[in-house]
Amino acid sequence: METSRRTVIAAAAAAGVAATVGAAGPAQAKGGSQKPVKKLFGKLADGTRVYSWSLANGGTRMKVLSYGGIVQSLEIPDRRGRYANVSLGFDTIEDYVAKSPYFGALIGRYGNRIDKGRFTLDGTSHQLSVNDGANSLHGGAQGFDKRVWDVEPFSKGSDVGLHLYYTSVDGEMGYPGTLKAKVTYTLTAHGDWRIDYEATTDKATVVNLTSHVYWNLAGEGNGTVYDHELKIAASRYTPVDSGLIPTGELEPVSGSPFDFRRTKTVGEDIREAHQQLLYGQGFDHNWVLDKGITAAPEQIATLKDPSSGRTLQIATTEPGVQFYSGNFLDGTFVGSGGHIYRQGDALCLETQHFPDSPNQPGFPSTVLRPGQVYRSTTVHSFN
Ligand code: BGC
């Protein structure tokens, strides 16, 4: 059945027409491709216009904002062809600006935490913007998630997508060097969502870009993800202290709640009295991927919602993935579907270099120097 859906979609995509699949609704682009269409989403307080870009291909539909490169919605069909938005988000720009916990956003310059927002590079110490207790999180108070990106649509062969550009000036959020970032979102004819990150700098700096989509494969606002089945190809993870800064150790997952090498539900061990789960109020850790850094993206994680049959597979070039089980969703947000988001209502799988790498000589380096090009790719495939 899955194969026949794929065949219908692929044939339709090749013909550039809409496919009708299963019990799917109105005669709109289902599996066919839709070139990016731009619409005004709202305005920032200073009058800057924020646009929403809609695109579709191979059965996947998404809306992306010029603000933060935010994936405002991502729709995929269930096993019967019924679509749902599987990514948490808001309906208005005001909500994103006022209170978003990075829903769907691009994260930079540095995904996750840097201890006390401080690091030393080539003998010079740098103080970053501190926005998470004593630490710097996701690039500081005004990270890439809160910037307006230049967006350029493209369609190439059977792919459709967006190029997003942002230049972060020397000293922004305390980071050295002017960093030119380019992120490409591609929807392929198979409905895969691929992210290619690129960056260059004019002074030595540190970079760790990622994407902060909150997944709920049953559809956003449909309860917790504790029944989702998860598999992560990692034999070790990086334990943290009470401020969620890695201790520097690479701890085996074996015999602990952190062992997702065989598929288990997110909820199976989340209430175990393990010190690391107390620190994170659930899972909020970096898994050390067995494959390490790779030139091409390799499969590292599978997430499945058994009730809908929707599956997400992630492949990446990165050496780590932050699995965050939505622990700090506290019932204070009303999401795009009109429901309140509570603890565990979604999870993030953020492909990345390890948190606090600039202060951890034992971790793979996140240093980028003039003349080098930072490159990272992550592919999300849906079944
Ligand atoms: C971090 C969490 C943090 C969340 C922000 C995740 O990437 O690991 O600790 O609370 O982002 O919503």
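Residues numbered from 1 in each chain as written. Predicted model: local features only at pLDDT ≥ 70, side-chain atom pairs only at ≥ 80, totals over all residues. Heavy atoms only, no water.

## Observations concerning the pattern of salt bridges
The cut-off we apply is this: When a carboxyl oxygen of Asp or Glu is within 4 Å of a side-chain nitrogen of Lys or Arg, the pair counts as a salt bridge. We count a stretch as a helix when DSSP gives it H or I for four or more residues in a row; a strand needs E for two or more, and each element gets its number in order from the N terminus. Accessibility here uses a 1.4 Å probe with only protein chains present; expressed as a share of the type maximum, an area under 20% marks a residue as buried, one over 50% as exposed, and anything in between as partly exposed.
Within the structure shown, the criterion is met by 13 salt bridges. Salt-bridge contacts for R61 lead to E75; the nearest nitrogen and oxygen are separated by 2.9 Å. Taken together, the residues span a long stretch of sequence, with R61 in strand β3 (residues 60-65) and E75 in strand β4 (residues 71-77) at a distance of 14 residues. The exposure class of R61 is buried, given its relative accessible area of 13%. Owing to a relative accessible area of 25%, E75 belongs among the partly exposed residues under this scheme.

## Here's the deal with the pairing of strand β17 (residues 229-232)
Defined as follows: Between any two strands, pairing holds if DSSP finds at least two bridges.
Where burial is concerned, the two faces of β17 differ: the one with L230 and I232 is buried and the one with E229 and K231 is not. One ladder, built from 2 bridges, connects β17 with strand β20 (residues 264-265); its direction is antiparallel. By the bridge assignment for β20, L230 is matched with K264.

## Digging into the site of the ligand
The test is simple: Near residues are defined by distance, with any heavy atom within 4 Å of the molecule or strand qualifying the residue. Using a 1.4 Å probe, accessible areas were evaluated by the Shrake-Rupley method; residue-level cover was limited to the displayed protein chains. Grid points spaced at 1 Å and placed over the protein atoms alone form the basis of the search, with a cavity being a set where a 1.4 Å probe fits but cannot get out and a pocket an open set showing protein on both sides within 12 Å along at least five of seven lines. Lining residues have an atom within 4 Å of a point. Assignment to a cavity or pocket requires that more than half of a molecule's atoms be within 2 Å of the site's grid points. Under the grouping applied here, Gly and all other residues not named as nonpolar or charged are polar, the nonpolar ones being Ala, Val, Leu, Ile, Met, Phe, Trp, Tyr, Cys and Pro and the charged ones Asp, Glu, Lys and Arg.
R113, H212, Y214, D284 and E350 are the nearest of the 13 residues found near the ligand. Within the complex, the protein chains bury 94% of what would otherwise be the 310 Å² of accessible surface of the ligand. Of all the cavities here, the one that holds the ligand is the second largest pocket. Partitioned by chemical class, the residues of the shell around the ligand number 6 nonpolar, 4 polar and 3 charged.

## Overview of the nonpolar core
The cut-off we apply is this: Remark: nonpolar core denotes a set of buried residues (Ala, Val, Leu, Ile, Met, Phe, Trp, Tyr, Cys) joined through side-chain atoms within 4.5 Å.
Counting 57 residues, the largest nonpolar core has L74, Y185, W193, W215, I232, W287 and F323 as its most contacted members. Core analysis: the next-biggest nonpolar cluster, separate from the first, contains 19 residues, F41, Y96, F103 and A346 among them.

## A few points about the sheet that holds strand β22 (residues 298-304)
Taken in spatial order, the 9 strands line up as β11-β12-β13-β14-β29-β23-β22-β17-β20 in an open sheet, and their pairing is antiparallel. Strands with a single pairing partner mark the edges of an open sheet, and in this sheet they are β11 (150-156) and β20.

## Quick look at the UniProt feature "binding site: beta-D-galactose" (unreviewed entry) in the chain
Which entries qualify depends on this criterion: UniProt positions are given in the numbering used here, feature names are shortened, and annotations may be inferred rather than shown by experiment. Throughout this description, a polar contact denotes any pair of N or O atoms lying within 3.5 Å of each other; where both atoms belong to protein, one of them has to be capable of donating a hydrogen while the other can accept it, and for residues adjacent in sequence the pair is counted only when both atoms sit in side chains. What makes two residues a contact is simply this: any of their non-hydrogen atoms within 4.5 Å.
Summarizing the sequence annotation, UniProt attributes the feature "binding site: beta-D-galactose" (unreviewed entry) to N112, R113, H212, V213, Y214 and D284 in the numbering used throughout. When only the residues just named are considered, the second largest pocket is lined by N112, R113, H212, Y214 and D284. On the secondary structure map, R113 appears in strand β7 (residues 113-114). On the accessibility criterion, R113 (6% relative accessible area) is buried. Within the structure, the side chain of R113 is placed 2.8 Å from the side chain of D132, a separation counted as a polar contact. Relative to the assigned elements, H212 resides in strand β16 (residues 210-212). In contact with H212, other than residues within four places in its own chain, are P101, Y102, F103, G104, A105, I107, H138, Y324, C348 and E350.

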